[in-house]
Amino acid sequence: MRQAGAYSGLLCGGVSGRTGPHSLPLARIKKIMKKSGEDVKMISGEAPIIFSKACELFIQELTRRSWIMAIQGKRRTLHKEDLASAVIATDIFDFLITLVSNSDSHETTSAIMEVETVDFS
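Residues numbered from 1 in each chain as written. Predicted model: local features only at pLDDT ≥ 70, side-chain atom pairs only at ≥ 80, totals over all residues. Heavy atoms only, no water.

Where an unreviewed UniProt entry is consulted, the chain appears under the name Transcription factor CBF/NF-Y/archaeal histone domain-containing protein, with the organism given as Flemingia macrophylla.

Structure representation (C-alpha cells):
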C-alpha cells in the first residue's frame, strides 16, 4: 500500500478535491512552466499545485520582509521602495535586484515586461 507523501496535504484539495487550498491559477502556472523550455512537454497534475504553494510562500516571505522595511520607516503602508529595500537587504532575493533597482517606475515596468516576454528557445 502506498503511503502519503510530504505534499499529500496540498494535494487533497477543497470541496471538489480538484480546487485545493491554493489561490493562484493553476492553468497560468502550468502555462509558465511549459514556456520555460522546449524540453518541457509533459507536466503532472501535482507539479503546478506544488509550484502554486511555493509561489504563495515566496510572496509571503517577500511581503514580510518588505513590511519590516515599512515599519522601520514608521509607515503602515507598503510601497515599492520597501520591496526594493527588502530585496537589496536579503541575499536570497539577489535575482530580483535588476527589477527593483531602477528608480524610474517606467523603467521598472519595462524590465518586468522584458522578463515576462523572454523566449527560452
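Now that the structure has been shown, the text picks up again.
Draft legend 1. Focus on helix H4 (residues 80–89). Listing the buried residues of H4 in full gives Asp82, Ala84, Ala86 and Val87. Next to the buried residues of H4 lie helix H3 (46–72) and helix H5 (97–100). (Buried < 20%, exposed > 50% of the residue type's maximum accessible area, 1.4 Å probe, protein only. Helix = DSSP H or I, 4+ residues; strand = E, 2+ residues; numbered from the N terminus. Contact = heavy atoms within 4.5 Å.)

Draft legend 2. Region of the structure containing the nonpolar core. By size, the foremost hydrophobic cluster in this structure holds seven residues: Leu62, Ala84, Val87, Phe93, Leu96, Leu99 and Val100. Within the residue set of this core, elements represented by two or more residues are H4 and H5. (Core = buried A, V, L, I, M, F, W, Y, C linked by side-chain atoms within 4.5 Å.)

Draft legend 3. Geometry of the environment of Ile49. Relative to the assigned elements, Ile49 resides in helix H3. Relative accessible area serves as the criterion here: at 13%, Ile49 is assigned to the buried category. Between the alpha carbons of Ile49 and Lys30 there is a distance of 9.3 Å; along the sequence they are 19 residues apart.

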